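An overview of the molecular structure
The chain contents come next:
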Amino acid sequence: MSYAVIKSGGKQYKVKSGEILKIEKLPNSRPETKIEFNEILAYGDDKSIEIGTPNVEGAKVEANLIKNSKNRTILIFKKRRRQNSRRKNGHRQEYSMIRINKIFSKDGKVLSEAEKISKTSKKEEVKEAVSK
């Protein structure tokens, strides 16, 4: 199984094709669009690996943006005892949910590709199950 290590939002992610993950929110991005990651730190499979210095030139990863959203609320509560002093605050970090489609090597060759998602409704699935 091929994988790649990409850099996005100051963090590094080990990704495989077909994988869905949450990353830091991408600026100026719309859902259902294609995204290319060009900062590839390494890629490879079980047998071999290609490591960049610091990036692998020519390698890239293609992904689809599923949605932009916010995480659950994290509460920040600070209290100084016996001082009648306390502060309560909340934070919701924004993120982008992406699905990795293809991983390209530095030659431009496709290392791995995700399977296509067939969008069938639940009614059609029930009809198929009943007819069998």
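An account of the accompanying structure is given in this report. As the structure is a computational prediction, the values presented were derived from the model and not from experiment.

Here we come to the pairing of strand β4 (residues 34–37). Because side chains alternate across β4, one face comprises the buried residues Ile35 and Phe37, and the other comprises Lys34 and Glu36, none of which is buried. Direction of pairing for β4 relative to strand β7 (residues 60–70): antiparallel, over a ladder of four bridges. Among the inter-strand pairings, Glu36 is bridged to a residue of β7, identified as Glu62.

Moving on, we get to the sheet that holds strand β1 (residues 3–8). Taken together, the four strands give an open sheet; going across it, the order is β2-β1-β5-β6, and neighbouring strands pair in antiparallel fashion. Looking at which strands have only one partner, the edges of the open sheet turn out to be β2 (11–16) and β6 (49–51). Pairwise comparison of adjacent strand axes, ignoring direction, gives a mean angle of 20° for this sheet. As paired strands, β1 and strand β5 (residues 40–44) are joined by four bridges and run antiparallel to one another. Its bridge partner lying in β5, Tyr3 is registered against Gly44.

A full pass over the atoms with the stated rule returns four salt bridges. Between Glu36 and Lys60 there is a salt bridge, and its shortest N-O distance comes to 3.2 Å. Linking Glu36 in strand β4 with Lys60 in strand β7, this pair joins segments that are 24 residues apart in sequence. Residue classification places Lys60 among the partly exposed positions, given a relative accessible area of 24%. Here Lys102 and Glu113 are joined by a salt bridge, their closest N and O atoms 4.0 Å apart. Taken as a pair, Lys102 in strand β10 (residues 94–104) and Glu113 in strand β11 (residues 110–113) lie far apart in primary sequence, eleven residues in all.

Let's shift gears to the environment of Thr53. Mapped onto the elements of the fold, Thr53 is located in the loop between β6 and β7. For Thr53, a relative accessible area of 75% translates into the label exposed.

In this section: the packing of aromatic side chains. Applying the stated criterion across every chain, the model contains zero aromatic pairs. Sitting above the plane of the Tyr3 ring, Lys14 keeps its charged end 4.5 Å from the centroid. The ring of Phe104 is capped by Lys60, whose NZ or CZ atom sits 5.1 Å from the centre of that ring.

Rules used throughout
The residue numbering used here restarts from 1 in each chain and proceeds along that chain's sequence as written. With the structure being a predicted model, the display of local features is reserved for residues of pLDDT at least 70 and the display and counting of side-chain atom pairs for 80 or more, all residues being used for whole-chain, interface and lining totals. Excluded from the side-chain calculation are hydrogens and water; included are all heavy atoms of the structure. Relative accessibility thresholds used throughout: buried, under 20% of the residue-type maximum; exposed, over 50%; partly exposed, between the two (1.4 Å probe, protein chains only). The helix count covers DSSP runs of H or I at least four residues long, the strand count covers runs of E at least two residues long, and both are numbered beginning at the N terminus. Note: two strands are recorded as paired if DSSP finds a minimum of 2 bridges between them. For helices, the axis comes from a line fit to the C-alpha atoms of the stretch in contact; other axes are also lines fit to C-alpha atoms, and the angle between any two N-to-C directions lies between 0 and 180 degrees. Salt bridges are counted wherever a side-chain nitrogen of Lys or Arg sits within 4 Å of a carboxyl oxygen of Asp or Glu. Side-chain rings of Phe, Tyr and Trp, where Trp is taken by its six-membered ring, are said to pair if the distance between their centres is within 6.5 Å; with planes under 30 degrees apart they count as stacked, over 60 as edge-to-face, and otherwise as tilted. Remark: a charge is flagged as sitting over a ring if the NZ atom of Lys or the CZ atom of Arg is within 6 Å of the ring centre and within 35 degrees of the ring normal.

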